[in-house]
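Structural features, examined
This is what each chain is made of:
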Amino acid sequence: MGLTCAQKIIKAHLLSGEMTVGSDIGLKIDQTLTQDATGTMAYLEFEAMNVPRVKTERSVAYIDHNTLQSGFENADDHRFIQSIAKKHGIYFSRPGNGICHQVHLERFGIPGKTLIGSDSHTPSGGGIGMLAMGAGGLDVAVAMGGGPYYITMPKMVRINLNGRLPAWVSAKDVILEVLRRLSVKGGVGKIIEYGGDGLPFLTVPERATITNMGTELGATTSIFPSDDVTRSFLRAQGREQDWVELLPDADAVYDEVIDIDLSKLTSLAACPHSPDAVKSVDEIGEIKINQVCIGSCTNSSYLDLMRVASILKGKTVHPDVSLAIAPGSKQVYNMLAQNGALADLIAAGARILECACGPCIGMGQSPNSGGISLRTFNRNFEGRSGTADAQVYLVSPETAAASAITGVFTNPQKVLGEMPEIRLPDSFLINFNMVIPPAPDSEAASIEILRGPNIKPFPTTEPLEAEITAKALLKVGDNITTDHIMPAGSKILPYRSNIPYLSNFCFAVCDKEFPERCRKEGKGIVIGGQNYGQGSSREHAALVPLYLGVKAVIAKSFARIHCANLANAGILPFVFKNEADYDAIDQMDELQLPDIRDAIANHGKVLVKNLTKGTEFEVEPVLTDRQRAMVLAGGLLNYTREQSQQ
Ligand code: MIC
Ligand code: SF4
């Protein structure tokens, strides 16, 4: 039987398990990336593992999230990561060099390789034919130490992109169409592989827009083949030697096949507050807007911003609209500066931000009260922009730029006339001066790690107790994101290395009293709906509840990375055997899991007694055998230590 692109990479990297859907497989990881908001914790964890130099082919530490330095915290964390990187064999991409996924694609990504990153949008690497996955910081630390990365062998979905996109309709509209069809849960347990006769017309950055936002489908990852388009991108990046061909076998078998006729697509938008609440721009109508933000790891490539510049050239941003633009990388920014496109953006009135995540993660540029903001980003979760009442729509750069001029939601196809042909350059501007290579092995031991006072130790865990009795301290609905569990934004993000402080904001979007209740009760259980923990890879959404005494989460279903982060932290993830039992629990009911240690160790039935209601229901642990051993030990770090002592 033939193999898909993803299966070929998995096969070449398989360290344990069988390539059959649903089995736990361990993969050799060639490359890792971290960003600063998850990186500080990941490197503290890496240090705890006592591995002197990373064992990967390439590990890169990026600074791109916490670049708003309104206190000492962020700059201290940057300095910490820089010193760790130098000592332990990691390349360091300095603040200002760009967003991790954009820079990785330009400078480090290699087709056919595996990449994990402590950021959920790591699947951007799928645009260049990598098997690239988001993971918790601890998993990345283990991979840097040479350990395998474990996933559940996913199903394979093939999406055929056929035909050509109409003028002014772009890659963002393609992935919004996929989200419209599949929803934010539609990719769970699946790898999305793209094919079809439209592929030769989609450049690597456009492919990366699509794989990047595959994260919003809940997919394990998304991937494009590595073909001539990939080769010319790498050639233009001066890295043709990194190219290898990666195509699916003609008789590859997919579990599901979806066809999209690109020529029928129109400009789309994801409406508040979910990336799958997709409507066409025409359906939304010409509503007045207040803000437009262009950038993020989804849409900040050279091609994206050249198109935006061509739309804005000679125009002025509407007086009632604030337009902010953050180029994805120094390469993009510098090229726009050299070819004059930056001047067109500035002249039109765009507020140019540094090459970083910026408004995407609420680091500034929050909209006005009740503001309507059009963003080329990938997430529009409630509160993420920094204000509680913002209405954020996710759109293509073309829709964003056209609307910035008119001041209302605008279908670019209707107002922009003929589309100029904008191509990728034959050679990109290559200047590696913002990437600091690690120190040579011989000097590593003498390098001092520079720690600031904001860095607090991460919470320690204990082996699983024989029994758990605790109250349901919070009951939430479906699609709870990690932005609900552990919000980000400019006020909180600087404290990513300070779990005690962060704990004051846990679940702040849903219930401000939650941290206080936890402190009062000392321990608790969280009850969730479908797709609990979707979104970010931030392990803080597990470490902070752990710090607050959360012992277990019982949900209808989980998002992949968050579920793994819970197990890594030693928090038990359970799903209801019978979803109707969810309805019978009230917040503050006292729940008991008798003999839980024994049940986890011996694959026994897990019964939960509702002591308040006098009822009983069954739940199932969402744990592989390896994860069972891990939670028994009290999480991945304890488990890794135990294993290394054996
Ligand atoms: C995000 O887009 O939510 C983030 C911020 O990049 C996160 C990582 C984090 O929380 O630091 C992600 O996507 O994993
Ligand atoms: Fe940064 Fe936004 Fe991309 Fe996350 S989604 S990595 S915050 S640009």
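This text follows the structure it describes.
Presented here is an overview of the structure given in this document. If you're wondering where the values come from, they're calculated on a predicted model, not measured in any experiment.

About the cut-offs
Residues numbered from 1 in each chain as written. Chains lettered and ligands numbered in written order. Predicted model: local features only at pLDDT ≥ 70, side-chain atom pairs only at ≥ 80, totals over all residues. Heavy atoms only, no water. Salt bridge = Lys/Arg side-chain N within 4 Å of Asp/Glu carboxyl O. Near = heavy atom within 4 Å. 1 Å grid on protein atoms, 1.4 Å probe; cavity = no way out; pocket = protein on both sides within 12 Å on 5 of 7 lines; lining within 4 Å. Sits in = over half its atoms within 2 Å of the grid points. Nonpolar A, V, L, I, M, F, W, Y, C, P; charged D, E, K, R; others polar. Pairing = 2+ DSSP bridges. Helix = DSSP H or I, 4+ residues; strand = E, 2+ residues; numbered from the N terminus. Axes fitted to C-alpha atoms, helices over the stretch in contact; angles between N-to-C directions. Parallel < 35°, antiparallel > 145°, perpendicular 65-115°, else oblique. Left-handed = near helix turned anticlockwise from the far one by under 90°. Contact = heavy atoms within 4.5 Å. Patch = residues over 30% accessible without salt bridge, like charges linked within 9 Å, V, L, I, M, F, W, Y side chains within 5 Å. Areas by Shrake-Rupley, 256 points an atom, 1.4 Å probe, with all protein chains shown as cover. Lys, Arg positive; Asp, Glu negative; His and termini not counted. Charge placed at Lys NZ, Arg CZ, Asp CG, Glu CD. Buried < 20%, exposed > 50% of the residue type's maximum accessible area, 1.4 Å probe, protein only. Core = buried A, V, L, I, M, F, W, Y, C linked by side-chain atoms within 4.5 Å. Polar contact = N/O pair within 3.5 Å; in protein donor to acceptor, adjacent residues only side chain to side chain.

**Regarding the pattern of salt bridges**
Applying the stated criterion across every chain yields a total of 32 salt bridges. A single salt-bridge network, built from bridges that share partners, covers Lys28, Asp30, Glu57 and Lys113.

**Some details on the site of ligand 2**
All residues in the neighbourhood of ligand 2 are listed as His65, His101, Asp119, His121, Ser296, Cys297, Cys357, Cys360, Ile361, Asn378 and Arg384. Spatially, ligand 2 is embedded in the largest cavity. Split into classes, the residues belonging to the shell around ligand 2 amount to 4 nonpolar, 5 polar and 2 charged.

**What about the sheet that holds strand β3 (residues 31-34)?**
In spatial order, the strands read β7-β6-β3-β4-β5-β20; together these 6 strands make up an open sheet with mixed pairing. Both outer strands of the open sheet, β7 (131-134) and β20 (435-436), are each paired with one neighbouring strand and no more. Where strand β5 (residues 91-93) lies against β20, 2 bridges are found, and the strand directions are antiparallel. Across the sheet, residue Phe92 finds its bridge partner in β20, namely Ile436.

**Quick look at the packing of helix α2 (residues 36-48) against helix α5 (residues 137-144)**
Between α2 and α5, the shortest axis-to-axis distance is 8 Å and the interhelical angle comes to 45 degrees. Our classification of the angle between α2 and α5 gives oblique. α5 is crossed by α2, and the crossing has right-handed handedness. Residues Ala42, Tyr43, Glu45 and Phe46 of α2 lie in contact with α5, whose contacting residues are Gly137, Leu138, Ala141 and Met144. Broken down by class, the residue content of the contact of α2 with α5 amounts to 6 nonpolar, 1 polar and 1 charged.

**A word on the sheet that holds strand β24 (residues 572-576)**
Strand pairing in a sheet relies on backbone hydrogen bonds, with the paired strands running either antiparallel or parallel. Read once around its circumference, the closed barrel built from 7 strands follows the order β21-β22-β23-β24-β27-β26-β25, with strand pairing classed as mixed. In this sheet, adjacent strand axes meet at a mean angle of 35 degrees when their direction is disregarded. Pairing geometry for strand β25 (residues 590-593) and strand β26 (residues 606-610), over 2 bridges, is antiparallel. Following the sheet pairing, Leu591 is matched in β26 by Asn610. Seen against the sheet, helix α18 (residues 514-521) touches β21 (468-475), β22 (524-527) and β23 (550-555) and runs at an angle of roughly 165 degrees to β21.

**Considerations on a negative patch on the surface**
Taken together, Glu462, Glu465, Glu467, Asp595 and Asp598 make up a surface patch of like negative charges. Along the chain, Glu462 turns up in the loop between α15 (441-444) and β21.

**Some remarks on helix α13 (residues 397-406)**
The buried fraction of α13 is high, at 9 of 10 residues. Among all positions of α13, only Pro397, Glu398, Thr399, Ala400, Ala401, Ala402, Ser403, Ala404 and Ile405 are buried. Summarising the contacts, the buried residues of α13 are in contact with α9 (281-284), β15 (291-294), α10 (302-312), β16 (322-325), β18 (372-375) and α14 (412-415). With its phi angle positive at about 85 degrees, Gly407 sits one or two positions after the end of α13.

**Quick word on the nonpolar core**
Counting residues in each nonpolar core, the largest one holds 106 residues, and the members touching the most others are Phe507, Phe514, Tyr532, Leu572 and Phe574. Here the element with the most residues in this core is α5; it accounts for 6 residues. Here Tyr532 is in contact with Val476, Ile480, Ile485, Phe507, Val526, Val553, Ala555, Ser557, Phe558, Ala559 and His562, once residues within four sequence places are set aside. Core analysis: the second largest hydrophobic core is formed by 58 residues, Phe233, Ile294, Leu345 and Ala400 among them.

**A look at the site of ligand 1**
Around ligand 1, a shell composed of 14 residues is seen, among which Asp119, Ser120, Arg384, Ser537 and Arg538 lie nearest. Arg384 places a side-chain nitrogen or oxygen 2.8 Å from an oxygen atom of ligand 1. Note that an oxygen atom of ligand 1 is positioned 3.1 Å from one of the side-chain N or O atoms of Ser536. Contact with the protein chains covers 97% of the free accessible surface of ligand 1, which is 330 Å². Spatially, ligand 1 is embedded in the largest cavity.

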